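# Structural overview
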Amino acid sequence: MAEPTSPKQTRTWRSSMSEPPSLSSSSVSLTKELQCSVCLDVFSDPVSTPCGHNFCRSCLKQCWDNSRIYSCPMCKETFRKRPDLKINTTLRQVVLHYNEKFSVRRSEVLCDICDERKLKALKSCLVCQTSYCKTHLEPHHRVPNLKKHKLMDPVENIKDYFCQKHERPLEFFCRDDQTCVCVFCTEGDHKTHNTVPLEEMSEEKKSQLKKTQTHVQQMIQERIKKIQDIKHSAQLRKRSTDEEKAASVEVFSALIRSIERCQTELLEMMDEQQKAAEKQDEDLMKDLEQEITELKRRDSELEQLSHTDHHLHLLQIDSSLYTPPHTKNWSEISMKTDVSVESLRRALTQLQETLQDKLTQTVLRRMQQFSVDVTLDPDTAHPYLILSEDGKQVRDGDIRHELPDNPERFNMCGCVLGKEGFSSGRFYFEVQVKGKTKWTLGVVRESINRKGEITLTPQNGFWTVFLRDENNYEACARPPVSLSLRKSPQKVGVFVDYEEGLVCFYDVENRSHIYSFTGQTFTEKLLPYFSPCSNDEGKNSAPLIIVNLQFRKFSHSLL
């Protein structure tokens, strides 16, 4: 006969109650004191009833969950209100100490008939209340009357499997009281209760255990897969970080080399300017010294003539002596020296601009490494817009198309969103705006209002810049920011760092920064935003074109 199962789906009925041979009588007594009368096992999370008896919390809960009457399974005292059970922490500590010291393994049951060397029992008989080895069990397979006896897996304390009141085998399980009973009990105290054979209850519990085991195994597999996903994600993140670090080192190393070369060029230029200035100074001083010598000679001549008494001689001397000698205009020479210094300043300014251009180029190339493939979402496009088949171009068609007014579609503003949304990380895309007199580009929150008039501000979920009237550029902040650009962009790059709250716009071909929204807070998915604006009688008929950067190989070398 199969062993009955307890309400606790994780343990077998009475499986842990057999004491190891080494336990003393006091230990056996302690075991009985720590035994739940419902499952006949050592307490698990023991709770105490108002009448003072102790049970496993799960056993008592199951008893009361299956009954309308809240009574003690041991003394049958009934309680008007279901007691609020608290774990008996002291008793639980005793149980934990007991389990650590004694509950090591199930003891080996020996044959009760063997005289000298006792052999291991093969079965226990509930009728004979005796355990038999293979040899002494043989009559139970041969003698007709013994063949009717009920055999079970060997147990050490077989009397625990008998009803203490009727001394009959426990063959049934009472669902109402959640306890094992004998056949006489089913005709007495449990006559009106829902009782089933132990075999049936055992199979039911096994089925429950199987379901629980399947669920536990599924939970294990889910968690194993989650661990694998986390490890895989960590590997990808580490690989991405390593690649990013390597790329950053290479990019900024190139920038440093460029700065060092520009510095060298500037120093060389300054040295050349200094040498040129020194050469000029030497030449000028030489000329001055020659002129001084000549002037001194003239001065000596004039001094001599001024003291002569030969009137005829004074009248006969060369007339050139009566005028100062011809010399250089030294004030002009001094101005030319100032022009040389100004040239040096212009060279320095030019080098600073070159460095700024190289820095912007470095940043732009760094951002281009996060390029994503963006396509236009036709379900969001305003009815006046015409999208290319590949979803990479959009222009105003000047004619309204009959399209369903679904919730995603803009019904007043001539714009369209990208299909791809991003809720983390960094991403970059480029748009060709060549030939257009007005346009709007940027990113938006997925939940933006798409019906009626729209105000383009970060507060409303829009991070955009626009062109109007061919050369009026503006960032749609609050308040709006007028942008002064040296050249008109032909391609605009849009970069977003979700975690940093950063949206940047760049002039790709001129390698210059247009505008950045900083310190933003993103809490939902962001979508690329495109507006080709009105056709304007053909003046603005050129399309916005999404540049395909997905497979571009960017070189980290800047020079």
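In the block above lies the structure referred to throughout.
Below: a short report on this structure.

## With respect to the sheet that holds strand β7 (residues 151-152)
- The three strands lie next to each other as β6-β5-β7, forming an open sheet whose pairing is antiparallel. The sheet is open, and its two edges are formed by β6 (130-132) and β7, each paired on a single side.
- Across three bridges, strand β5 (residues 123-125) lies against β6 in antiparallel orientation. Bridge pairing links serine 124 to serine 131 in β6.
- Contacts from helix α4 (residues 134-142) reach β5, β6 and β7 within the one sheet, and its direction differs from that of β6 by about 110°.

## Description of the layout of surface pockets
- For the largest pocket, the calculated volume is near 980 Å³.
- As for the largest pocket, its lining consists of 33 residues, of which Ser37, Leu40, Gln164, Thr179 and Cys180 are closest to the centre.
- For the lining of the largest pocket, the secondary structure elements donating two or more residues are α1 (25-33) and β9 (179-181).
- Of the residues forming the lining of the largest pocket, the biggest block, three residues, is contributed by β9.
- Here the residues of the lining of the largest pocket sort into 12 nonpolar, 11 polar and 10 charged.

## Examining the pairing of strand β16 (residues 462-468)
- Among the seven residues that make up β16, six are buried, leaving the element largely enclosed by the rest of the structure.
- Bridging between β16 and strand β17 (residues 472-475) involves four bridges; their strand directions are antiparallel. Within β17, the residue paired with leucine 467 across the bridge is tyrosine 473.
- The antiparallel hairpin formed by β16 and β17 contains three residues in its connecting segment, where aspartate 469 sits at a positive phi of about 55°.

## Some points on the sheet that holds β16
- Strand order across the open sheet formed by six strands is β13-β22-β15-β16-β17-β18, with antiparallel pairing between neighbours. At either margin of the open sheet sits one strand with a lone partner, and together these are β13 (416-417) and β18 (481-483).
- Across six bridges, strand β15 (residues 439-445) lies against β16 in antiparallel orientation. Bridging across to β16, glycine 442 finds its partner in threonine 464.

## Regarding a nonpolar patch on the surface
- On the surface, a nonpolar cluster with roughly 220 Å² of combined accessible area is contributed by Val216, Ile220 and Ile224.
- On the accessibility criterion, isoleucine 220 (43% relative accessible area) is partly exposed.

## Some details on the nonpolar core
- With 36 residues, the main nonpolar core has Trp439 and Phe530 as its most contacted residues.
- Contact partners of tryptophan 439, with chain neighbours within four places excluded, come to Val433, Val465, Phe466, Leu467, Arg468, Tyr473, Val492, Ser531, Cys533 and Leu544.
- If you look at the next biggest cluster of nonpolar residues, it comprises 18 residues, including Cys39, Phe55, Cys59 and Phe79.

## Focus on the side chain of serine 371
- Tracing the chain through its elements places serine 371 in the loop between α9 (330-368) and β11 (385-387).
- Note on serine 371: relative accessible area 15%, which makes it buried.

## Thoughts on unusual backbone geometry
- Cis geometry is adopted by the peptide bond preceding proline 479, which originates at arginine 478 and carries an omega value of 0°.
- Relative to the helices and strands, proline 479 resides in the loop between β17 and β18.
- Of note, aspartate 45 is a non-glycine position whose phi angle comes to about 50°, a positive value.
- Structurally, the position occupied by aspartate 45 is in the loop between α1 and β1 (46-48).

Definitions and limits used
Residues numbered from 1 in each chain as written. Predicted model: local features only at pLDDT ≥ 70, side-chain atom pairs only at ≥ 80, totals over all residues. Heavy atoms only, no water. Pairing = 2+ DSSP bridges. Helix = DSSP H or I, 4+ residues; strand = E, 2+ residues; numbered from the N terminus. Contact = heavy atoms within 4.5 Å. Axes fitted to C-alpha atoms, helices over the stretch in contact; angles between N-to-C directions. 1 Å grid on protein atoms, 1.4 Å probe; cavity = no way out; pocket = protein on both sides within 12 Å on 5 of 7 lines; lining within 4 Å. Points joined across faces, edges and corners; volume = space filled by probe spheres on them. Nonpolar A, V, L, I, M, F, W, Y, C, P; charged D, E, K, R; others polar. Buried < 20%, exposed > 50% of the residue type's maximum accessible area, 1.4 Å probe, protein only. Patch = residues over 30% accessible without salt bridge, like charges linked within 9 Å, V, L, I, M, F, W, Y side chains within 5 Å. Areas by Shrake-Rupley, 256 points an atom, 1.4 Å probe, with all protein chains shown as cover. Salt bridge = Lys/Arg side-chain N within 4 Å of Asp/Glu carboxyl O. Core = buried A, V, L, I, M, F, W, Y, C linked by side-chain atoms within 4.5 Å.

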